[in-house]
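# A closer look at the structure
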Amino acid sequence: MPSASRPGPTSLPGPTSLPSPTSLPSPTSLPSPLAEQVEAWLNDDPDPADRAELARLRDGAGHDATLLAELTTRFHGPLRFGTAGLRGPLRAGPAGMNTAVVRRAAAGLATWLTSRAPPAPAPPAPAAPKPDPATAGSSMNAAPGSAAAPNSSTATVVVGYDARHRSEAFALDSARVFAGAGLRALVLPGPLPTPVLAFAVRRLGADAGVMVTASHNPATDNGYKVYLGDASSDAARGAQLVAPADREIEGMIAAAGPARAIPLAETWRRLDADVVDDYIHAAATAGRAATATATATATATATDLRTDVTTDPTALTVAYTPLHGVGAGVLGAVFTAAGLAAPRVVHEQAEPDPEFPTVQWPNPEEAGAMDRVLALGERIDADLVLANDPDADRCAVAVGGRVLSGDEVGLLLADHVLHSCPGPVATTIVSSSGLRALAAEVGVPYAETLTGFKWIMRADARLVFGYEEALGYAVAPELVRDKDGITAALAIALVAARAKQRGRTLPDLLDELSARLGVHLTGQRSARFDDVTQIDETMHRLRAQPPTSLAGRPVTAVRDLLAGPRDGDAPAGGIPPRPARPVDRADAAHPVLPPADVLMLFLDEDRVIFRPSGTEPKLKVYLETVEPVPGHAVDAVPAARDQAAARLLHLHTAAGNLLDGRDGDHISPKIRSPASPSPGTI
C-alpha cells in the first residue's frame, strides 16, 4: 500500500508563498481575536502532529510578520463545504485539510443523514450484539439487503480514498466518526479510483459516499468529495451532492462542536475485493455490450463504425499513464476483462506516489503532464495514448502525438454510445455545441447544464451519456453517476480498435463527424489573479458594459446566467437580459438554468463565455466557432476548419483585450494558430 504519510516541509509554506512582510508590522505577540482563536483550536485539535505544526506557526508569528500573515490566512475562515465537499491545502487550522476539519465534516454529514433517516419500526426488533472493536477493518462484502442494511432506520456510508498524503488516515477517521454516530461505515479495501467509490454507493444501496481525494490538485492538497444515495430520484442516486444539501450539511458541520469531543467507534468495516471485482466486471461488460450491439446493428456506410469485424481487437497498442495515481491496476483489469490487451504503462509513473515527482501539475490538461506517455507512445508506435488524472475520474486521449480536446473525445464517445443506446445526452454550457448537433441528427433528447457532473447527472434519469470539456465523461451512467476515466478509457479504446480494423484513426472519425455536423472548434483562455477580488471586479465590468462587437463582428446576443430566470418562465424559456443588454438568446437549446456567475456572448453561432474557476484563482474564457461543411463532404472539412480556426484565433485575441490586456505570464492560451488546428476540432 502506498505511503499515506504527511507532506514534508510543504505543510508549512515558506516565505516565498506568503504575502510580503513589508505590508505587516513585526509583532511581539498575536493580535486579538486571532490569539484566542488559535488557542481555542489548539485545545480542541485531536491530532498531536497538527497541534505541533500550529504551535510552531503561532510561536513564530509572534516575531515574524510573514508567519503572522500565514497564521491569519489559516484562521480567516473555514474551508467551505461546497457542492462537491471540501478541498484545500494540507495544513493545521480551520482553513486546511487536517484531522480536526475532517472529523467535523464527517460529524456534520452524519447528523444530516441521521436527521433524514426514517424512524425505526415499532416495536423494535431484538437488538443485535454490537460488533467487537477487535474486528474493525475486517473483510466484509456488503451487498444490498445484507448485513450492510439490517434495518431501514440506520444510514450506510461508503468511504473511499486515493494515495495522497493522509488520504487513508482521513478515510479511517471519517469511518470512526460515522460509526460513533451509529451509522454503518464501510471502507473500500485500499487506495482506489474515485469511480469505484461512486459505483459502490449505487451498488451497495448506500445513503452516502465519501471519497478522500483532491483529484488533480497539487501534492500539497487533499479533499473530501461527497455523494448522496438519494433513493427518491434515479437521476440523483449516487451523484455528487448539490444545493440545498451542501448548505444544510455545512450548517451542521458548524454546529458539530470541538473535534476532540466528537464520538468515535471502531465498528466500521473494511469491504473485501469483491466490490472492486464487481466494478471491473460491470465496466467491461458495459463496454463489450455496447460494441457487440453496435456491430450487430451495422449499416455499411463509409462513415459508420458499425461494421462486421474479424480482426483480433487485442492488436490495438495503447500507451497509458496514471500520473502517479491509483488508476493503473483497475484500468488494466477492465481492459483485460473486456478482451483488450492491457496498456503499456509509463514505468516511472505507474505506482502511486503522493509527491507526483515527474510532473509539475498532476493534471493531464496541463502543458507537459503527458510528455512521458506521449514519448512512450512514439517509442512503441501506439495506436492510442491515454492518461488518467490521479484519482482516475478524468481521461485524456492522444493519437499520433496529437492530444485530442475534451470536446473531441466527448463527441467520439457520444457517437459510440448512441449507436447502441439511443437516449438522452447532456453536456455543460461551456462545452462544445457539437453534442447538440449530434443529438438532433440522431433524434435523442439533449440537455445543457451548469458546469460540473453534479448537474450533468441530474439532467435526465434515463441519461445514456454525458460529458464536459474538462476531460470528464460518463459512458455508463447506470453504473457510475459521475465522470469515470476508466470506462471512458475502455470506450475510446474500443472506438479506436474498430477504427483500426477499418484502416482508420480517431482523427479520421472526427473528420467524418465534422462533415456530418459541421466543424465545431473550441479553445480556452484563462487569466490568473493574485487577488481573487479582481475576478469579481472583472466580471462586474463585463456585465455593466458588455461589448457590442468582438474581433470586428457584432455581438448578436448576451446571456447572463447571474440574472436568473424571470418568474413564470417556461422550462425552455431562456435567461432574460438585464437592463442595457443588447439582446438575449432564448430557445430550447439554451434553457433556463440556476443563477450562476457566467456571462455568454454570441456572434451568431460562435460564442465567448466568461466564467470564474470554482477551484483556482482563475477567470476562464471558453471559445467556440462553428463552420458548416459544404455538401457534408469529408474533403471539404480542412477548408471549413481553417475558416473556423481563423475566427477562433481572432476571438482569442479579443477575449484577451477584454481582460485588460494582461501580459503573457498571466495568460494560458489553449489554442494554436490555424496552421495547427488540432485543439478542439470536431
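Applying the stated rule across the entire model yields four aromatic pairs. Taken together, a centroid distance of 6.4 Å and an interplanar angle of 20 degrees make the contact between Tyr467 and Tyr473 stacked. Of the two residues examined, Tyr467 and Tyr473, each falls in the buried class. Within the aromatic cluster, the residues linked to one another by ring pairs are Phe465, Tyr467 and Tyr473.

Read across the sheet, five strands follow the order S10-S9-S11-S12-S13 without closing on themselves; strand pairing throughout is mixed. Two strands lie at the open edges of the sheet, namely strand S10 (344-345) and strand S13 (402-403), each paired on one side alone. Inspection of the sheet shows strand S9 (residues 318-321) paired to S10 by two bridges, in the parallel sense. Residue pairing in the sheet places Tyr320 in a bridge with Val345 of S10. The sheet strands contacting helix H10 (residues 371-379) are S9, S10, strand S11 (384-388), strand S12 (395-399) and S13, and the helix crosses S9 at an angle near 160 degrees.

Our focus in this paragraph is the nonpolar core. In globular proteins that are soluble, nonpolar side chains generally tend to be buried together. Ranked by size, the top nonpolar core spans 87 residues in total, and within it Tyr279, Leu384, Leu386 and Leu506 carry the most contacts. Looking at this core, the element that brings in the most residues is helix H14 (residues 485-501), giving twelve residues. Counting residues in each nonpolar core, the second largest holds 53 residues, with Leu34, Leu42, Leu79 and Val101 among its members.

Another point: the side chain of Thr194. Note that Thr194 resides in helix H6 (residues 194-203). For Thr194, a relative accessible area of 0% gives the class buried. Those residues in contact with Thr194 that sit more than four places away from it in its chain are Met211, Thr213, Lys225, Tyr227, Asp391, Asp393 and Asp482.

Paired through backbone hydrogen bonds, the strands of a sheet run either parallel or antiparallel to each other. Judged by pairing direction, the sheet is mixed, and its four strands sit side by side in the order S15-S14-S16-S17 without closing on themselves. Every interior strand has two partners, whereas the edge strands, strand S15 (446-449) and strand S17 (472-474), have only one. For this sheet the average axis-to-axis angle between neighbouring strands, irrespective of direction, equals 15 degrees. Of the strand pairs in this sheet, strand S14 (residues 425-428) and S15 are connected by four bridges, and their pairing is parallel. In the sheet register, Thr428 faces S15, and the bridge partner there is Thr449. Running over the sheet, helix H11 (residues 406-420) touches S14, strand S16 (465-468) and S17 and is turned about 175 degrees from S16.

A few words now on H6. Here H6 lies mainly inside the structure; nine of its ten residues are buried. Of the residues one or two after H6, Gly205 is the one with positive phi, at around 65 degrees.

What follows is about unusual backbone geometry. Following Ser32, the chain continues to Pro33 via a peptide bond in cis, the omega torsion being 10 degrees. The topology assignment puts Pro33 in the segment before helix H1 (34-44). Looking along the chain, the bond that leaves Ala243 and enters Pro244 is cis, with omega of 5 degrees. As for its placement among the helices and strands, Pro244 is situated in the loop between strand S7 (239-240) and helix H7 (245-254). At Phe356, a residue that is not glycine, the phi angle is positive and equals roughly 45 degrees. Within the fold, Phe356 resides in the loop between S10 and H10. Phi is positive for Asp381, which is not a glycine, with a value near 55 degrees. Considering the arrangement of structural elements, one finds Asp381 in the loop between H10 and S11.

Another aspect to go through is the confidence of the model for the chain. Looking at the chain as a whole, its pLDDT mean stands at 83, while 78% of the residues score no less than 70. In this model residues 295-311 is a low-confidence stretch, pLDDT under 50, and it forms 29 contacts with partners more than four residues away in sequence or in other chains. Here residues 566-589 is modelled with pLDDT under 50, and outside its nearest four sequence neighbours on either side it reaches 55 contacts, counting other chains as well.

To continue, consider a negative patch on the surface. On the surface, a cluster of negative charge is made up of Asp530, Asp531, Asp536 and Glu537. As for its placement among the helices and strands, Asp536 is situated in helix H16 (residues 533-544).

The geometry of H11 relative to helix H15 (residues 506-517) is characterised by a closest axis approach of 11 Å and an angle of 80 degrees between their N-to-C directions. As judged from the angle between their axes, H11 and H15 are roughly perpendicular. Every residue of H15 that contacts H11 at Glu408, Leu411, Leu412 and Asp415 is listed here: Leu506, Leu509, Leu510, Leu513, Arg516 and Leu517.

This part takes up the pattern of salt bridges. As enumerated under the stated definition, the model contains 34 salt bridges in all. Close ionic contact of Glu250 with Arg80 constitutes a salt bridge, the shortest N to O distance being 2.6 Å. One end of the pair, Glu250, is in helix H7; the other, Arg80, is in the loop between helix H3 (65-74) and strand S1 (85-89), and 170 residues separate them in sequence. Given a relative accessible area of 17%, Glu250 falls into the buried group. Among the residues examined, Arg80 registers a relative accessible area of 56% and is labelled exposed.

Moving on, we come to the side chain of Thr427. Within the secondary structure, Thr427 is located in strand S14. Residue Thr427 is classed as buried on the basis of its relative accessible area, which comes to 0%. Beyond its immediate stretch of four places on either side in the chain, Thr427 contacts Ser432, Leu435, Tyr446, Ala447, Glu448, Thr449, Ile456, Tyr467 and Glu468.

Cut-off values and rules
- Residues numbered from 1 in each chain as written.
- Predicted model: local features only at pLDDT ≥ 70, side-chain atom pairs only at ≥ 80, totals over all residues.
- Heavy atoms only, no water.
- Phe/Tyr/Trp six-rings, centres within 6.5 Å; stacked < 30°, edge-to-face > 60°.
- Buried < 20%, exposed > 50% of the residue type's maximum accessible area, 1.4 Å probe, protein only.
- Pairing = 2+ DSSP bridges.
- Helix = DSSP H or I, 4+ residues; strand = E, 2+ residues; numbered from the N terminus.
- Contact = heavy atoms within 4.5 Å.
- Axes fitted to C-alpha atoms, helices over the stretch in contact; angles between N-to-C directions.
- Core = buried A, V, L, I, M, F, W, Y, C linked by side-chain atoms within 4.5 Å.
- pLDDT = per-residue confidence, 0-100.
- Patch = residues over 30% accessible without salt bridge, like charges linked within 9 Å, V, L, I, M, F, W, Y side chains within 5 Å.
- Areas by Shrake-Rupley, 256 points an atom, 1.4 Å probe, with all protein chains shown as cover.
- Salt bridge = Lys/Arg side-chain N within 4 Å of Asp/Glu carboxyl O.
- Lys, Arg positive; Asp, Glu negative; His and termini not counted.
- Charge placed at Lys NZ, Arg CZ, Asp CG, Glu CD.
- Parallel < 35°, antiparallel > 145°, perpendicular 65-115°, else oblique.

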